[in-house]
Amino acid sequence: MITLDKILIADNGTRIDYAFTTSPDINKFVNQKDNLFIKYLENITHVPKSILAIPFISNWLPIAWFAGFDIVVDEIDSEFYTSMKDLKDEFAKQFPDYNLKGNLKAKTLVENKCIGKKTAMLFSGGVDAYATYIRIKHKEPELVTILGADIEIEDTEQWGRFKSFIENEELLAKNQKQYITTNVRSFYTYQVELLLKDIGWWGKVQHGLSLIGSLAPLGFIRGYENIYIASSYTKEIQIAWGSTPKTDETIRWCGTKVFHDGYELKRQDKVDLIAEFAKTNKVPFRLRVCYSELRTDFNCSNCEKCFRTILGILLNNEDPNDYGFVVDESVYDKIFSTINHGGASKGMQYFWLELKDKADKANSFFVFKDKELEGAKLEKIKNGELNAIIETKLKNKTGILAKGRFIIRNKFPWLRKIYRKIKY
């Protein structure tokens with residue numbers, strides 16, 4: 001078991017560190033050099049311990065379920081405690097091939113009263129986040145961005161650019177911004193990945209509860225009644241994922257409700273929504289969809305994730321260069337090259353099928369230079385050539401190789417440092 005012994009407040013009441021003890025069989029999951037912490041802009045000194053414990057539980061509990069050990073705490077919010085039982089049931093449905101055993105054990109359940117009517121949303125600046133922002137803009141949500149989730153805490157240069165983007169974006173000028181720093185992706189060892197039959201722990205299991213739970217102490221201080229998290233996928237994409245309406249909307253504490261927004265929208269629907277909003281309101285803004293290590297501009301404009309967004313914008317007869325990308329007519333050849341030489345996933349397969357459907361139905365598209373030549377390249381996408389490549393890759397995909405590469409990278413982190421030096 002893991003026992004949460006003490007909750008420590010530091011940095012003038014803005015940082016939480018968690019002191020805990022573990023039984024010997026769990027030590028292999030614990031990064032002894034990087035214990036879990038979380039830091040806010042607000043002073044959280046007077047937040048009840050039963051709320052302060054939520055970020056710790058939100059990150060360790062999924063590991064406990066899959067590894068089969070208990071987490072013991074002195075006290076926890078009663079609503080959150082009940083919601084974790086419900087969430088475990090939902091994960092059990094998503095992962096029928098796994099036997100989820102671990103439990104949360106609390107000596108005292110506390111009924112907290114959260115006071116406030118504010119709305120908050122997790123904001124990354126990408127397609128999903130902007131689509132949700134547009135849909136709930138009238139609620140004037142506070143925008144909460146977490147350092148340590150998509151951007152590594154040590155990457156101060158990229159984080160600085162990202163904060164500048166959020167602070168200076170005209171569309172977001174009236175929204176209160178909150179920033180959280182937390183090592184949610186490094187407090188455990190690579191052994192956690194091995195709890196799954198294939199790699200992808202953060203996306204497949206951890207991220208929904210981790211990100212939402214990180215807001216609990218802040219939400220208590222700021223008075224968040226409603227919290228929105230944007231959907232990554234839609235109901236048509238049936239894969240195990242750590243953030244769905246059934247999982248996210250199960251999570252609750254002292255009256256706070258969570259909304260998983262946009263699940264009924266395909267990714268291309270969201271791009272369409274964003275393009276239409278920008279044209280109608282004549283408010284230009286940039287999408288931040290890419291965190292590639294090879295990025296030198298706002299987005300790298302050269303990875304699969306960038307390309308799927310760029311193509312979606314082109315099919316709305318809009319110039320991707322107005323949305324934070326740097327591209328020209330060569331983008332079509334680059335798309336084929338990237339799909340040919342890159343990896344593939346079920347989610348990626350769905351996204352490119354959506355783009356094929358959009359291309360089939362689009363009456364016009366943005367032209368860089370030569371409509372006939374670019375139209376011929378687009379015709380290849382309409383004919384399903386990209387989809388055929390992805391399907392072949394999925395048939396030949398071996399999870400064993402991917403898992404092996406992951407273990408090597410994480411057992412020998414100095415290899416990653418060498419790669420970064422070569423890259424720069």
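Our subject is the structure listed above.
Residues numbered from 1 in each chain as written. Predicted model: local features only at pLDDT ≥ 70, side-chain atom pairs only at ≥ 80, totals over all residues. Heavy atoms only, no water.

Attention shifts here to the overall build of the protein chain. Summing up its helical and strand segments, the protein chain has 16 helices and ten strands in all. Computed over the C-alpha atoms, the radius of gyration of the protein chain is 22 Å, within 12% of the 22 Å expected from 2.2 N^0.38 for a compact globule of 424 residues. Taking the principal axes of the C-alpha coordinates as reference, the protein chain spans close to 70 × 50 × 40 Å. Split into buried and exposed, the 424 residues of the protein chain put 53% on the buried side. Long-range contacts, defined as pairs at least 24 residues apart, comprise 75% of the intrachain contacts of the protein chain with a sequence gap of at least 6. On the protein chain, roughly 19700 Å² of surface is accessible, and the fraction owed to carbon and sulfur atoms is 50%. Charge separation in the protein chain, taken as the distance between the mean sites of 62 positive and 56 negative side-chain charges, equals 3 Å. (Helix = DSSP H or I, 4+ residues; strand = E, 2+ residues; numbered from the N terminus. Rg over C-alpha atoms; globule rule 2.2 N^0.38 Å. Buried < 20%, exposed > 50% of the residue type's maximum accessible area, 1.4 Å probe, protein only. Contact = heavy atoms within 4.5 Å. Areas by Shrake-Rupley, 256 points an atom, 1.4 Å probe, with all protein chains shown as cover. Lys, Arg positive; Asp, Glu negative; His and termini not counted. Charge placed at Lys NZ, Arg CZ, Asp CG, Glu CD.)

A separate point is the state of the cysteines. Under the definition given, this model contains one disulfide. Sulfur-sulfur distance for the disulfide between C114 and C254 comes to 1.6 Å. Of this pair, C114 sits in the loop between β5 (104-110) and β6 (118-122) while C254 is found in the loop between α8 (245-248) and β10 (257-261), placing the two residues 140 residues apart along the sequence. As a non-bridged cysteine, C300 has C290 as the owner of its nearest cysteine sulfur, 3.5 Å distant. Since its relative accessible area comes to 10%, C300 is described here as buried. Unpaired in this structure, C303 has its nearest cysteine sulfur neighbour in C300, at a distance of 3.6 Å. (Disulfide = S-S within 2.5 Å.)

With that settled, the discussion passes to the side chain of Q268. As for its position among the elements, Q268 is in helix α9 (residues 267-281). Only 3.3 Å separates the side chain of Q268 from the backbone oxygen of G312, close enough to count as a polar contact. With sequence-adjacent residues up to four places away left out, Q268 is seen in contact with G312, N316, E354, L355 and K358. (Polar contact = N/O pair within 3.5 Å; in protein donor to acceptor, adjacent residues only side chain to side chain.)

Moving on: helix α14 (residues 385-396). In this model, α14 (twelve residues) spans 17 Å end to end at C-alpha, consistent with the 16 Å of a helix rising 1.5 Å per residue. Buried residues along α14 sit in contact with α11 (331-341), α12 (346-361) and α13 (371-382). (Expected span 1.5 Å × (residues − 1).)

Glancing now at the sheet that holds strand β1 (residues 2-10). One open sheet accounts for ten strands, arranged β5-β4-β1-β2-β3-β8-β7-β6-β9-β10; its pairing is mixed. The open sheet has two edge strands with one neighbour each: β5 and β10. Neighbour-to-neighbour, the strand axes of this sheet turn through a mean angle of 25°, independent of strand direction. With two bridges joining them, β1 and strand β4 (residues 71-77) adopt parallel strand pairing. Following the sheet pairing, I2 is matched in β4 by I71. Against the sheet, helix α2 (residues 54-67) engages β1, β2 (15-22), β3 (37-39), β4 and β5, with an angle of about 140° to β4. (Pairing = 2+ DSSP bridges. Axes fitted to C-alpha atoms, helices over the stretch in contact; angles between N-to-C directions.)

This next bit is on the pattern of salt bridges. On inspection of all chains with the given rule, the structure shows 21 salt bridges. Where K39 meets D11, a salt bridge forms, and the shortest distance between an N and an O atom there is 3.2 Å. Of this pair, K39 sits in strand β3 while D11 sits in the loop between β1 and β2; the two residues are 28 residues apart in sequence, bridging distant segments of the chain. Classification of K39 as partly exposed rests on a relative accessible area of 28%. (Salt bridge = Lys/Arg side-chain N within 4 Å of Asp/Glu carboxyl O.)

The next point concerns unusual backbone geometry. Look at E140: it is not a glycine, yet its phi comes out positive at around 50°. In this structure, E140 sits in the loop between α4 (127-136) and β7 (142-147). Positive phi values are uncommon outside glycine, yet K282 reaches one of about 50°.

Of note, E90 is situated in helix α3 (residues 78-94). Look at E90 and you get buried, because its relative accessible area is 16%. Excluding its chain neighbours within four sequence positions, the residues that come into contact with E90 are K246, T247 and T250.

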